[in-house]
Each structure stands twice: as C-alpha cells, then as structure tokens.
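Each chain, letter by letter, is given below.
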Amino acid sequence: MAGVSVATVSRVINQNGYVTKDTEQKVRKVIELLHYEPNAVARGLAGKQTGTIAFILPDISNPFFPEVARAVEDVAQAHGYTVILCNSDDEGHKERSYIEVLKKKYIDGIIFASNTMGQEDMQKLYHIDDLPVVALDRAPTNQTCSVIRSKNYAGAQMAVNHLLSIGCRKIAHIYGPPQFVTARERLAGYQELVKKFPWYSPDLMVPGNFHLDGGMKAAEQLLRAHPDVDGIFAGNDLMALGALKTMSRLGIRVPEQISICGFDGIALTAVTEPELTTIAQPIYEMGATAARVLIEKIQGNDTNAQEYELEVELVERGTTRKKVT
Ligand code: RIB
C-alpha cells in the first residue's frame, strides 16, 4: 500500500537506516490506516529481539519475591523490556514447562530464582539456545551464568550476634527447607556461632517451611522442648512472624521474655506490633541488579558469568530487647 519494500518499512519502524521524509510519511500513513503493530513473535523468528524477558520465581505467595519482581520490572521497563512473571511453586516440572513455553515465545532472556533447575537443565537451556540467563537468590551451585544473591551466612551470624549482644542466653533457630541453599547457609551461620556455648543443643534448631504456619508450629515445638529459650532467629520473616503469633497466643511477652529476629526485610515486618527486628536483604537491589546483568547479556555487552554477593543489614525494631547501655 505504501509502494515500498519490506526492508524500507522495517527501517521506518526500527528507525535505523536512511529513508526520505516523503517515504517515511507514506509508510506511517499506511501503518495508521491499517492499525499495524509489529508482531513480537515474528520479530523473534527473524532472529531479532522481542523486547521480552521472563522472571521465574518459586513462590508468588511469599512477599519477598513480588518485592524482587517489582525491581526487575522497573529496570526492565526503563530499558524498554516487558517482563513475564512465572510462578513455579518450587516444582522442577513447572519450571521446565515454563522454559519450553518461553522458548517458543522467543523471549530475550530469563531471570530465575530456582533450586530445582539443575546444572544439566541450565547447560541445555543456556548453551544450546544461547539464551541469556541470570540466576537469583536460591541459585544452584557452580552456575554457568551470573548469580545475584545475599550474604546469607554472614547475615545469620549478624542475627545471632545481635541476640547475644542484648543479653539472650539461649538462642534457637527456625530454619527454612534444607533443599534451599539460602536456608542451608543461614542454618550453618547460626550453628557455627552457637555450637561453642554450653546451652547449645541440636534440638534448638527446628525446621520450618518459610511460611507463617511453619514458624508458628516450630515456635510451639521449641517452647515445649526448651521453655527457657529467650532468643529466636528465624530463617525468614514469614516464619519469624509465625513465631511472634505463637508467643502472642501463649501470652509470652515479646521482647521482654523472648526476642525474635527474622531474615529478609519484607514490608510486612513493619506492620506487626511490635514490629519485627530482621536481617534485611537488599531486595530491590537484588532484582534491579539481576535485570541489569541480564539486559547487558542480551545486548551482548557482558559475557563473563559473575557472582554478586550483596550485603545484608540488621534492622532493629520492637521484637528484640534494647541493648543495656
Ligand atoms: O522468604 C523467602 C526466602 O526464600 C527468602 O529468604 C529468600 O532468600 C528465598 O531464599
């Protein structure tokens, strides 16, 4: 209709290459007339980019991941990319089926927080299709791609040292599912510090599930076995909030009788009364860094895999006693 070649229309749409003003006006007029929009999948098939990235996250019901996704989306949109969010419920088969679907959509890259996606899947995904991939948070070990995560071990020791510094004399740990490397590292950080104390006992470490109910049950179990526990470090904020709920139900005063410290720094920690003391991960920075690293890869500017270990910080609030000065 515009009387020009496909290549000329492409130059007008992509604003690259020379086109006379007159030709550009003719093409734009026909685009408007036809309400034409470039087809992202067709562009993908032509080996161009579709301007789409995916973020495969393991648990959309845990506020930590939507807060990461917020940052991913902000950075992606600032660079002209759309984000597809995929919730895998930490199930490997869901992750693999998402990847198969995403590959058919010719997306430009994937960020994922997974512990079930093993090396062979990563190799297959990453090497055969050369699809740019960045791992985040619960990343399997020895990745072929860049990994963005927090200093979980150091953060756990920060929590225990804080509880010791405010005078706690028997500190327990509610740990997350051991299949998650983040939970294992926090458990190790706790255990390395407390095992030297005379009050240390293996049943001071109680399993949770990274959710509120797991924290509630673990706190009940702890108090039955050790009614003299006066400090609890929980491996994530939801379990810490669960422990707080259990104390309230049992009429145990926090922090007067028991101090509680969480891990993540999700916004919910500022909603409870008392507000939760926690080890805050740089959640926004984690998501933003993952998006920036992925986009660098997509644009071919950065090929070396790198590990980004981000600093965490103690956020002192009402569930821990104040230091005696
Ligand atoms: O709260 C969810 C947990 O899973 C976070 O601590 C995050 O690090 C992930 O591992």
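You'll find the structure just up there.
Predicted, not measured: the structure shown is a model, and the values here were computed from it.

**Student:** Explain the pattern of salt bridges here, please?
**Tutor:** Two side chains of opposite charge can pair, provided their charged atoms sit close to one another. This structure, assessed with the given rule, holds 15 salt bridges. Of the charged contacts, one joins Arg 138 and Asp 137 as a salt bridge, the two residues approaching to 3.7 Å between their closest N and O atoms. Judged by relative accessible area, Asp 137 falls into the buried class, the value being 3%. Several salt bridges share partner residues, and in doing so they unite Arg 149, Glu 185, Glu 307 and Glu 309 into one network.

**Student:** Sorry if this is basic, but what is going on with the environment of Lys 124 here?
**Tutor:** Checked against the element boundaries, Lys 124 lands in helix α6 (residues 119-128). The spatial distance from the C-alpha of Lys 124 to the C-alpha of Pro 255 is 50 Å, given a sequence separation of 131 residues.

**Student:** Got a minute to help me understand the sheet that holds strand β2 (residues 82-87) in this structure?
**Tutor:** Consider a sheet: its strands pair through backbone hydrogen bonds, and that pairing is either parallel or antiparallel. The 6 strands are arranged β2-β1-β3-β4-β5-β11 in an open sheet whose pairing can be described as parallel. Here the strands that pair on one side only, and so sit at the sheet edges, are β2 and β11 (307-310). On average, each strand axis in the sheet is tilted by 15° relative to the strand beside it, whichever way the strands run. Contacts from helix α5 (residues 92-104) reach β1 (52-57), β2 and β3 (109-112) within the one sheet, and its direction differs from that of β1 by about 175°.

**Student:** Looking at this structure, how should I read the site of the ligand?
**Tutor:** All residues adjacent to the ligand are Asn 62, Phe 64, Phe 65, Asp 137, Arg 138, Thr 182, Arg 186, Phe 210, Asn 236, Asp 264 and Gln 281. Interatomic distance of 2.7 Å between a side-chain N/O atom of Asp 137 and an oxygen atom of the ligand. Within the side chain of Gln 281, one N or O atom sits 3.0 Å away from an oxygen atom of the ligand. When the ligand is considered free in solution it has 280 Å² of accessible area, and contact with the protein chains removes 100% of it. When contributions to the shell around the ligand are tallied by element, the ones reaching two or more residues are α4 (64-78) and α8 (181-194). Classifying every residue of the shell around the ligand by side-chain character gives 3 nonpolar, 4 polar and 4 charged. Looking at the shell around the ligand, you find at least three residues from each of domain 2 (48-149 + 283-310) and domain 3 (152-282).

**Student:** I tried to follow helix α2 (residues 21-34) on my own but got confused; where do I start?
**Tutor:** Owing to its 3.6 residues per turn, the α-helix aligns residues three or four sequence positions apart on the same side. A rise of 1.5 Å per residue sets the reference length of α2, with its 14 residues, at 20 Å; its end C-alpha atoms lie 20 Å apart and thus fit the reference within 8%. Taken residue by residue, α2 has Thr 23, Glu 24, Val 27, Val 30 and Ile 31 as its buried positions. Buried residues along α2 cover an arc of 130° about the axis, so they all sit on one side. Exposed residues lying more than 90 degrees from the buried face of α2 are Lys 21, Asp 22, Gln 25, Lys 29, Glu 32 and Leu 33.

Calculation notes
- Residues numbered from 1 in each chain as written.
- Predicted model: local features only at pLDDT ≥ 70, side-chain atom pairs only at ≥ 80, totals over all residues.
- Heavy atoms only, no water.
- Salt bridge = Lys/Arg side-chain N within 4 Å of Asp/Glu carboxyl O.
- Buried < 20%, exposed > 50% of the residue type's maximum accessible area, 1.4 Å probe, protein only.
- Helix = DSSP H or I, 4+ residues; strand = E, 2+ residues; numbered from the N terminus.
- Pairing = 2+ DSSP bridges.
- Axes fitted to C-alpha atoms, helices over the stretch in contact; angles between N-to-C directions.
- Contact = heavy atoms within 4.5 Å.
- Near = heavy atom within 4 Å.
- Polar contact = N/O pair within 3.5 Å; in protein donor to acceptor, adjacent residues only side chain to side chain.
- Areas by Shrake-Rupley, 256 points an atom, 1.4 Å probe, with all protein chains shown as cover.
- Nonpolar A, V, L, I, M, F, W, Y, C, P; charged D, E, K, R; others polar.
- Domains from an automatic or database assignment.
- Expected span 1.5 Å × (residues − 1).
- Arc of directions from axis to C-beta.

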